Amino acid sequence: MFLKGRPTRSIFSFGKFSQLQIPEKKTIESSSTGLDTIASFDALRIFPTVRAAMVEEIKSVYNLKSTYIKDKQELDIKPSPVQVAAIRKINQPRLRKAKSASVEKEGGQAIVDELVKSNERNKLKVFTVAAETGSGKTWAYLASVLSKLKEDDLEHFTRSELHYEKAKEVPTVRSIILLPTHELVEQVYDTLNRANKIRYDVDELKVHSNYAQFLSLPDQKDSLNLRIMKWGSGDPHNRLFNAVNNKGRIDVLVTTPSKIAGLAKLTNFNRPFRFFNFTEYCVIDEADTLMDQSWMKDTMNIVRRLNKCKDLILCSATIPKEFKKTLSTIFPDHQSIISIATPSLHKIPKQIHVKIIDAQVSPYNGSKTRCLAQALYAIHNDGTEPGLVKRIIIFVNEKKDVDPLVESLVSKYGHRQEDVIGITGSDSALDRSDKLEPFLKPAALIEDDMDRSKIKILVTTDLMARGLNFVGIKNVILMDLPRNSVDLVHRIGRTGRMRQSGRVFVIVDKKTRKSWIKGLPNAIKRGVTLG
Ligand SMILES: Nc1ncnc2c1ncn2[C@@H]1O[C@H](COP(=O)(O)OP(=O)(O)OP(=O)(O)O)[C@@H](O)[C@H]1O
């Protein structure tokens with residue numbers, strides 16, 4: 001195993017495929033202050049109704065199968081480290097608009113003061129949020145964005161109720177969440193939708209008096225009542241235009257960069273980007289993907305158009321080496337970049353156990369498929385997850401290998417056709433969503449499974465490795481060594497999410513049986529940062 005870097009911080013280098021930026025010590029230290037003292041969302045600056053809806057949404061999808069808790073209402077939801085670190089830094093209040101120039105300062109000085117304040121109020125701030133997989137980054141940025149939308153509404157209301165009502169009719173998109181795939185658009189949209197529907201009793205929230213009048217409004221007192229829209233693959237462009245033109249502003253638009261970039265090709269709409277002229281908050285999730293060369297053009301075309309954007313939040317579980325350079329070319333003013341990184345960034349959660357299986361030895365004699373079949377048999381019969389459908393995710397590097405592997409597991413190794421599912425980018429969005437469904441919710445009881453499956457195997461590529469919130473998956477098998485350490489982190493991160501346990505089996509053969517990969521399990525156990 002390569003251990004390099006200063007003795008105090010050993011790095012596990014993923015061979016020549018090492019692509020992960022070593023997290024900066026000062027960033028981690030500045031993000032870590034107070035992590036151990038803040039054990040409740042109440043201690044964080046979150047708009048009260050957003051906090052209430054968030055906690056209830058997290059409870060609503062919590063996987064009780066990994067706990068001894070019977071009723072979700074008994075859950076005590078505490079903020080994860082990235083949520084503490086990100087919300088504290090992002091949700092800083094900006095200078096609010098002064099009612100009138102400060103009377104004691106006459107003439108020029110008052111104007112200068114107001115200009116300085118106006119710059120501060122409207123200056124673009126770029127936040128980078130980096131934390132390990134499954135650590136709750138989605139709510140780390142949603143809590144911040146939704147709080148700002150509510151604070152802005154409160155400010156409108158404070159000026160006058162008429163002003164507040166008029167603001168709702170302005171045809172604009174107030175905030176955008178950008179994600180790389182249709183599945184992630186669905187996932188974040190579903191999270192927002194659930195939170196938006198949560199009913200709360202404002203009286204029970206014990207809110208500060210300056211919220212009371214605002215929160216007694218009919219459209220505030222029972223639920224967040226935000227206008228949330230997903231604009232995914234297959235959704236026509238005029239669906240966005242009609243939504244904004246006919247019903248007024250959209251609070252949160254969840255979409256992909258290519259959807260918005262596609263507006264530029266429209267000839268039958270004048271000024272198709274006009275709805276983004278007043279967008280104030282933008283999140284780029286899986287930012288290292290959306291800012292790599294294949295996505296960069298679309299992503300940056302959008303960011304450049306958001307000339308009223310105040311907060312740009314770049315979020316990811318991995319910071320590749322070139323990411324820092326990319327950022328400094330786009331945002332030369334380093335002062336405007338506020339980096340947030342948790343101590344566990346680029347570390348595999350310790351509750352994930354990694355095992356290397358050598359397909360070169362007997363009885364596999366170099367056949368990785370035979371080795372895989374044996375691993376599946378062993379998992380199937382190891383007594384874990386009793387009574388539940390065991391779900392296993394297998395990652396291969398090449399899309400062309402998915403179907404042949406599915407076929408081989410069924411025809412050669414006796415698995416039932418309905419128990420082995422292959423997903424690639426060639427599948428339609430609808431097919432992918434149907435196939436993924438059993439893996440995106442807690443394990444079902446065998447007797448409740450429509451196919452009476454005892455095991456459900458998903459064979460897929462890195463397309464499904466990023467960001468997807470697989471629920472309660474206990475076994476991930478890497479049929480091929482990932483191309484680099486970024487992909488390794490995301491594949492492994494489909495299990496062991498939010499402090500749950502998980503196992504990862506890495507199958508190697510003479511081509512990939514590098515000496516260093518054998519050091520991976522021990523490096524993870526020792527909490528070594530991946531390079
Ligand atoms: N404070 C919390 N306490 C318990 N569970 C939480 C908390 N915050 C979020 N979760 C749950 O943790 C799971 C993972 O959250 P999320 O998908 O945001 O992780 P992530 O950091 O974005 O992962 P990835 O890097 O893989 O995208 C979700 O099911 C979410 O409901």
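Rules used in this analysis
- Sequence order as written defines residue numbering, which begins from 1 separately in each chain.
- pLDDT decides what is reported in this predicted model: residues at 70 or higher carry local features, side-chain atom pairs at 80 or more are listed and counted, and totals for whole chains, interfaces and linings draw on all residues regardless.
- No hydrogens and no water enter the side-chain calculation; it runs on all heavy atoms of the structure.
- As a per-residue measure, pLDDT reflects the predictor's confidence and takes values from 0 up to 100.
- Residues count as neighbours in contact if any of their non-hydrogen atoms are within 4.5 Å of one another.
- When we say a residue is near a molecule or strand, we mean one of its heavy atoms is within 4 Å of it.
- By the criterion applied in these results, polar contacts are pairs of N or O atoms within 3.5 Å in which, for protein atoms, one can donate a hydrogen and the other can accept it, and in which residues neighboring in sequence qualify only through two side-chain atoms.
- Note on areas: Shrake-Rupley with a 1.4 Å probe; residue coverage comes only from the protein chains shown.
- When residues are sorted by character, Ala, Val, Leu, Ile, Met, Phe, Trp, Tyr, Cys and Pro go into the nonpolar class, Asp, Glu, Lys and Arg into the charged class, and all the rest, Gly among them, into the polar class.
- Domain borders in the structure are assigned automatically or taken from a domain database.
- Put simply, two rings from Phe, Tyr or Trp (the six-membered ring, in Trp's case) pair if the centres are within 6.5 Å, and we call them stacked under 30 degrees between planes, edge-to-face over 60, tilted for the rest.
- What counts as a helix is a DSSP run of H or I of at least four residues, what counts as a strand is a run of E of at least two, and both are numbered from the N terminus.
- Each residue is assigned to one of three classes by its accessible area relative to the maximum for its type, calculated with a 1.4 Å probe on protein chains only: buried under 20%, partly exposed between the two thresholds, exposed over 50%.
- Whether a charge lies above a ring is judged from NZ of Lys or CZ of Arg, which has to be within 6 Å of the ring centre and within 35 degrees of the ring normal.
- As defined here, a cavity is a set of points on a 1 Å grid over the protein atoms alone where a 1.4 Å probe fits but cannot get out. A pocket is an open set with protein on both sides within 12 Å along at least five of seven lines, and residues line them when an atom is within 4 Å of a point.
- Grid points are joined across faces, edges and corners, and a volume is the space filled by probe spheres set on the points.
- Two strands pair if DSSP finds at least two bridges between them.
- Axis definition: a line fitted to C-alpha atoms, over the contacting stretch in the case of helices. Angles run 0 to 180 degrees between N-to-C directions.
- UniProt positions are given in the numbering used here, feature names are shortened, and annotations may be inferred rather than shown by experiment.

Quick look at the confidence of the model for the protein now. Per-residue pLDDT for the protein averages 90, and the proportion of residues at 70 or more is 96%. Contacts for the low-pLDDT stretch residues 1–8, under 50 throughout, to residues beyond four places or in other chains number 18 contacts. In the predicted complex, the global pTM is 0.92; the interface-specific ipTM is 0.99.

The next thing to look at is the site of the ligand. The local shell around the ligand holds 23 residues, among which Lys78, Gly134, Lys137, Thr138 and Asn469 are the closest. The contact in question runs from an oxygen atom of the ligand to an N or O atom on the backbone of Ser135, over 3.0 Å. The side chain of Arg494 places a nitrogen or oxygen atom 2.9 Å from an oxygen atom of the ligand. Isolated, the ligand exposes 640 Å² of accessible area, and the fraction of that covered by the protein chains is 92%. Among the residues forming the shell around the ligand, the class breakdown is 8 nonpolar, 9 polar and 6 charged. Looking at the shell around the ligand, you find at least three residues from each of domain 1 (41–61 + 75–92 + 114–264 + 272–341) and domain 2 (352–526).

This part covers the packing of aromatic side chains. Overall, the coordinates contain 7 aromatic pairs when judged by the stated rule. Taking the centre distance of 6.2 Å and the plane angle of 85° together, the rings of Phe47 and Phe214 count as edge-to-face. With Phe47 in the loop between α1 (25–32) and α2 (48–60) and Phe214 in the loop between α8 (209–212) and β5 (228–231), this pair connects stretches of sequence that are 167 residues apart. A residue is classified by how much of its surface remains accessible, and Phe47, at 0% relative accessible area, is buried. Considering the side-chain rings of Phe241 and Phe269, the 4.1 Å spacing of their centres and the 45° angle between planes classify their relative orientation as tilted. Of this pair, Phe241 sits in helix α9 (residues 237–247) while Phe269 sits in the loop between α10 (257–261) and β7 (281–284), and the two are 28 residues apart along the sequence. Put simply, the rings of Phe47, Phe157, Tyr164, Tyr211 and Phe214 pair up and form one aromatic cluster. A cation over a ring is seen here: Arg274 above Phe241, with NZ or CZ 6.0 Å from the ring centre.

A few words on empty space enclosed by the protein. Throughout the structure, instances matching the rule amount to 1 cavity of 30 Å³ or more. Counted as a void, the largest cavity has a volume near 60 Å³. Within the residue set of the lining of the largest cavity, elements represented by two or more residues are β3 (125–130) and β8 (311–316). Per-class residue counts for the lining of the largest cavity are 7 nonpolar, 3 polar and no charged.

If you trace the 7 strands from one edge of the open sheet to the other, you get β5-β6-β4-β7-β8-β3-β9, paired in parallel fashion. What marks the edges here is a single partner per strand, and that holds for β5 and β9 (337–341). When strand polarity is set aside, the average angle formed by the axes of neighbouring strands in this sheet is 15°. Both β7 and β8 contribute to a ladder of 4 bridges, which runs parallel. What sits directly across from Tyr281, in β8, is Asp311.

In this structure's numbering, the residues bearing the UniProt feature "domain: Helicase C-terminal" (unreviewed entry) are residues 371–531. Secondary structure over residues 371–531 splits into 26% helix and 17% strand, and the C-alpha atoms at its two ends are 28 Å apart.

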